[in-house]
Amino acid sequence: MSEATDRPVDGDAWADACAEDLAAEKARRRAEYGPPPGSAAEELRKLVDAVADKVSSLQTPLFGVAAPAVQQAIRQAKSAVEPVIERNPQVFDHLAAAGNELLAAYRSAVEGQESRWTRTTEGASGTEGPSKKAADDPSDPRDEGPSGTERIDLD
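This is a predicted model, so every value here is computed, not measured. Residue positions are given per chain, counting from 1 as you read along its sequence in written order. Note on the predicted model: pLDDT of at least 70 is required for a residue's local features to be given, and 80 or more for side-chain atom pairs to be given and counted; whole-chain, interface and lining totals, by contrast, use all residues. Only hydrogens and water are removed before side-chain values are computed, so all heavy atoms of the structure are retained for them.

### Some thoughts on the overall build of the protein
Then step 1. For helices the rule is a DSSP run of H or I covering at least 4 residues; for strands it is a run of E covering at least 2, with both sets numbered from the N terminus onward. If you tally the helices and strands in the protein, you get 6 helices and 2 strands.
Then step 2. Looking at the protein residue by residue over its 155 residues, the buried ones come to 7%.
Then step 3. Residue contacts follow a heavy-atom distance rule, with two residues in contact if any of their heavy atoms lie within 4.5 Å. If you take every contact in the protein between residues at least 6 apart in sequence, the share linking residues at least 24 apart comes to 45%.
Then step 4. Surface accessibility follows the Shrake-Rupley procedure with a 1.4 Å probe radius. Residue values consider only the protein chains on display as shielding. With the model as given, the accessible surface of the protein reaches about 12,800 Å², and the carbon-plus-sulfur share is 59%. The buried label goes to any residue with under 20% of its type's maximum accessible area, the exposed label to any with over 50%, and the partly exposed label to all in between, with areas taken from a 1.4 Å probe on protein chains only.

What follows is the structure in structure tokens.
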């Protein structure tokens, strides 16, 4: 018998190899693109902190007189946002998902309108109408209207 057949066979070798490959790919992406974004609630918290830091760092004559009031407004805004984020972090994930769905619907509507515009040709009288081919062919799939919903992956 050879040395390879004398060793016990690991039943999870495939799963182990896949896990190692996945870990290596995640490490490569982290090195190339930086850390992945957090949840929507964490991103909102980062945004509030970044805006507060930026406004605090502005040293202009305009803010010179109003600086204490600006600092107070920033603290109040952070204190108002923080409890909402703590109590309802999943709400921000749902809002982000809803925004993505709205964007997908908008893109779909724009693409549909663009396809209708490109199907028309200018007639002899200068008015737009359906192209001759689309008007002559009753089986033209473009005349069937919307084809239903389509999931568009924006990631």
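### With respect to the pattern of salt bridges
Two side chains with opposite charge may pair up if their charged atoms get near one another.
Then step 1. For this analysis, a salt bridge means a side-chain nitrogen from Lys or Arg found within 4 Å of a carboxyl oxygen belonging to Asp or Glu. The full count for this structure, using the stated rule, is 7 salt bridges.
Then step 2. Between R29 and E25 there is a salt bridge, with the nearest N and O atoms lying 2.9 Å from each other. Of this pair, R29 and E25 both sit in helix 2 (residues 13-33), 4 residues apart, which is roughly one turn of that helix.
Then step 3. Residue classification places E25 among the partly exposed residues on the basis of a relative accessible area of 28%.
Then step 4. For the salt bridge of R45 with E82, the shortest nitrogen-to-oxygen distance reads 2.7 Å. With R45 in helix 3 (residues 40-57) and E82 in helix 4 (residues 61-87), the pair connects residues that are 37 residues apart, well separated along the chain.
Then step 5. On the basis of relative accessibility, which here comes to 29%, the residue E82 falls in the partly exposed class.

### Observations regarding the confidence of the model for the protein
Then step 1. A residue-level look at the protein finds 68% of positions with pLDDT of 70 or above and a mean pLDDT of 75.
Then step 2. Of all helices and strands in the protein, the one with the weakest mean pLDDT is strand 2 (residues 128-130) (50), whereas helix 2 scores best (90). The predictor attaches a confidence to each residue, and that confidence, scored 0 to 100, is pLDDT.

### Brief notes about a negative patch on the surface
Then step 1. Note that patches include only residues with greater than 30% relative accessible area and no salt bridge, and the join distances are 9 Å for like charges and 5 Å for nonpolar side chains (Val, Leu, Ile, Met, Phe, Trp, Tyr). By the counting scheme adopted, Arg and Lys are positive, Glu and Asp are negative, and His together with the chain ends is not counted. By convention, charge coordinates are those of NZ in Lys, CZ in Arg, CG in Asp, or CD in Glu. On the surface, a cluster of negative charge is contributed by D12, D16, E20 and D21.
Then step 2. In this fold, D16 is placed in helix 2.

### Side note on helix 2
Then step 1. Each helix should span, by expectation, one fewer than its residue count multiplied by 1.5 Å. Across its 21 residues, helix 2 extends 30 Å between first and last C-alpha, which sits within 8% of the 30 Å expected from 1.5 Å per residue.
Then step 2. Just past helix 2, the residue G34 takes up positive phi, approximately 90°.

### Examining the environment of R151
Then step 1. Assignment of secondary structure puts R151 in the segment after helix 6 (132-136).
Then step 2. Residue classification places R151 among the exposed positions, given a relative accessible area of 66%.

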